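# Observations on chain architecture
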Amino acid sequence: MKMFKLFYVLLMLSPSSQLLAGSTPELTLSMAITQAQNNDLWRVQNKHTQAAISAQQIAAGTWQDPKVAMSINNLPSNDLAFNQDNMSQLKVSLSQAIPRGDSLQIKQHILTLEAQQQPILRAERQAKVAMAVSELWLDAYAAKMTIELISKDAHLFEQLVEISEANYASALGKTRQHDVISAQLELAQLQDRLAVEQQRLVTQKAKLLNWLPEFDASLNTWQLHTRSDAFEISKALPTDALFVSAMASIKTLTRFSDNTITRLMHHPTYLAQSKQIESAKQTVSLFQQKYQPQWGVNASYGYRGDHPSGLKRHDLLSVGVSFDLPLFTENKQDKEVLSAQYRTEALKTAQLLTLKELGAGLATEQQAFRQLQKRLKLYKTTILEQSHQQSEAALSAYNNDDGDFNTAVQAKITELNARIATLNIHVEKLKTLTRINYYLAGNSTSTDDATGVSNEQ
């Protein structure tokens, strides 16, 4: 088992040569999702909850323990002699209550449904974890790549500041003092922008730490990350395999079509509510059992001592049954059944609302994706190229003493903003696909999940 964990960490975090060299491992999106899902303590808690419900289910189908009573009856008050009076006896009685109708079977069924709900809740949790971790990773990726874009252009701005200062000092060309100040200000603002993105990267990585485990080779155990430098965000974007279902849905699923509704009805949230509705229906049946009488049986044995004169007394044996009569049901049983029926209808309505919300959310994300696609195409085909040409032309004109310095600087900033905007649109498009993946999440629990508690700690 230890060798398997070691192989797993080598495979998931980085190449073996990279680890041996002591370099910081890179974390891809798929690795982050897998690690977060496999090491989610909520799953362990939920499996223990399922095991507890399963154990309770067995107890719920068991009759109540019989009751035993012992007493000495009818002793004479003057001397408490046991063998003086004919009615004196040592009595042992046994009674057993019989459950109403099928109440035990129904209680077991309710708990079975509750246990069956747990793997579905784990599937829902898995989908939520994938969405949450994906958004954190993509935000960190956007920050990292923005830092690279800014850092790449920061050197050019430093050169522009140096050129403007040299030209102003030598009184060459058209450079004026406000050009120097403007260049210094733009460089300072760029450095501030770089600091903001560095803070954003550190923040997103810190949030990711809450989801990711760390293998401690010295202890052969998994520990939570405690350092923000425990990993680096990979520069590799996620492959299309993560978004196949989401991409296909944009072309095939339309708002509230039959196909869309069918897909959404397999969402774990909807399936979990189906189990709740079934359980509520069984609760109605359980309250209906209260219209039936509860029976009980009892038996007693009375031992009597012999008379002082030597006359033998016979022992006494009694057997009987008892039952209650649910005659006044208007304010008790009727209201309990009615309350359970209303709760069932409330759960059905909640499930319809869930289906509507899932459909609206899916349609919203699909529409957002289409708009992001259009924007990304516009940037790639037009804005990026034109901003680059404008920047090159303005810089060339300034270098040839035929252009304005501020124009050259602003053109370069416009190009940088266009590149960052393209990056952010692409990242937002991927975040939209992760949310679509959540809406299309199906109940993909394994046999392992459906049965008892795993050894995962």
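Residues numbered from 1 in each chain as written. Predicted model: local features only at pLDDT ≥ 70, side-chain atom pairs only at ≥ 80, totals over all residues. Heavy atoms only, no water.

## What about the overall build of the protein?
When helices and strands are counted, the protein shows twelve helices and eight strands. For the protein, the proportion of its 457 residues judged to be buried stands at 38%. Within the protein, contacts between residues separated by at least 24 positions form 79% of all contacts whose residues are at least 6 apart in sequence. Total accessible area on the protein is roughly 25800 Å²; 56% of this is exposed by carbon and sulfur atoms. (Helix = DSSP H or I, 4+ residues; strand = E, 2+ residues; numbered from the N terminus. Buried < 20%, exposed > 50% of the residue type's maximum accessible area, 1.4 Å probe, protein only. Contact = heavy atoms within 4.5 Å. Areas by Shrake-Rupley, 256 points an atom, 1.4 Å probe, with all protein chains shown as cover.)

## Notes on the side chain of Gln282
Along the chain, Gln282 falls in helix H9 (residues 268-288). Since its relative accessible area comes to 19%, Gln282 is described here as buried. Engagement of the side chain of Gln282 in a polar contact is seen with the side chain of His109, the distance being 3.4 Å. Apart from the residues lying within four places of it in its own chain, the contact partners of Gln282 are Ile106, His109, Ile110 and Leu113. (Polar contact = N/O pair within 3.5 Å; in protein donor to acceptor, adjacent residues only side chain to side chain.)

## Looking at the pattern of salt bridges
Pairs can form between side chains of opposite charge once their charged atoms are near each other. Scanning all chains against the criterion turns up 15 salt bridges. The network of salt bridges with shared partners includes Glu135, Asp139, Glu365, Glu428, Lys431 and Arg435. (Salt bridge = Lys/Arg side-chain N within 4 Å of Asp/Glu carboxyl O.)

## Let's talk about the side chain of Asp139
The topology assignment puts Asp139 in helix H5 (residues 103-170). If we ignore the near neighbours within four places in the chain, the residues touching Asp139 are Arg200, Gln204 and Lys431.

## Thoughts on a nonpolar patch on the surface
On the surface, Ile72, Leu75, Leu80, Leu90, Tyr301, Tyr303, Leu317 and Val319 cluster together into a nonpolar patch covering about 820 Å² of accessible area. Contributions of two or more residues to the nonpolar patch are made by strand S7 (295-303) and strand S8 (316-323). Inspection of the secondary structure assignment puts Leu317 in strand S8. (Patch = residues over 30% accessible without salt bridge, like charges linked within 9 Å, V, L, I, M, F, W, Y side chains within 5 Å.)

## Section: the packing of aromatic side chains
The description of an aromatic ring pair rests on the distance of the ring centres and on the angle between the ring planes. Taken as a whole and assessed by the stated rule, the structure comprises three aromatic pairs. Where Trp137 meets Tyr141, the ring centres are 5.5 Å apart and the plane angle is 10 degrees; that geometry is what we call stacked. Of this pair, Trp137 and Tyr141 both sit in helix H5, separated by four residues, roughly a single helical turn. A cation sits over an aromatic face here: Lys205 above Phe231, 5.3 Å from the ring centre. (Phe/Tyr/Trp six-rings, centres within 6.5 Å; stacked < 30°, edge-to-face > 60°. Lys NZ or Arg CZ within 6 Å of the ring centre and 35° of its normal.)

## So, helix H4 (residues 41-60)
At 3.6 residues per turn, the α-helix brings residues three or four places apart onto the same side. In a regular helix each residue adds 1.5 Å, so 20 residues correspond to 28 Å; H4 covers 29 Å between its end C-alpha atoms and thus fits that length. The set of residues buried in H4 consists of Arg43, Val44, Asn46, Lys47, Gln50, Ile53 and Ala60. (Expected span 1.5 Å × (residues − 1).)

## A look at the nonpolar core
Trp137, Leu208, Phe231, Ile233 and Leu433 are the most contacted members of the largest nonpolar core, which totals 51 residues. Broken down by secondary-structure element, the contributors of at least two residues to this core are helix H3 (29-38), H5, helix H6 (177-209), helix H7 (244-252), helix H10 (333-399) and helix H11 (405-439). Top contributing element to this core by residue count: H5, with 15 residues. Ignoring anything within four residues of it in the chain, the contact list for Ile233 reads Leu27, Trp137, Ala140, Tyr141, Lys144, Leu201, Lys205 and Leu208. Core analysis: the second largest hydrophobic core is formed by six residues, Leu372, Leu376, Ala418 and Ala421 among them. (Core = buried A, V, L, I, M, F, W, Y, C linked by side-chain atoms within 4.5 Å.)

## Side note on the pairing of S7
As a general feature of sheets, a regular strand has side chains that alternate between the two faces. By the bridge criterion, eight bridges tie strand S3 (residues 89-97) to S7 in an arrangement that is antiparallel. Along S7, the bridge assignment pairs Leu94 with Ala299. (Pairing = 2+ DSSP bridges.)

## Examining the environment of Glu336
Relative to the elements of secondary structure, Glu336 occurs in helix H10. The class of Glu336 is partly exposed, set by a relative accessible area of 21%. Taking the C-alpha atoms as reference points, Glu336 and Thr283, 53 residues apart in sequence, are found 9.8 Å from one another. Filtering out sequence-adjacent residues up to four positions away, Glu336 remains in contact with Phe287 and Lys290.

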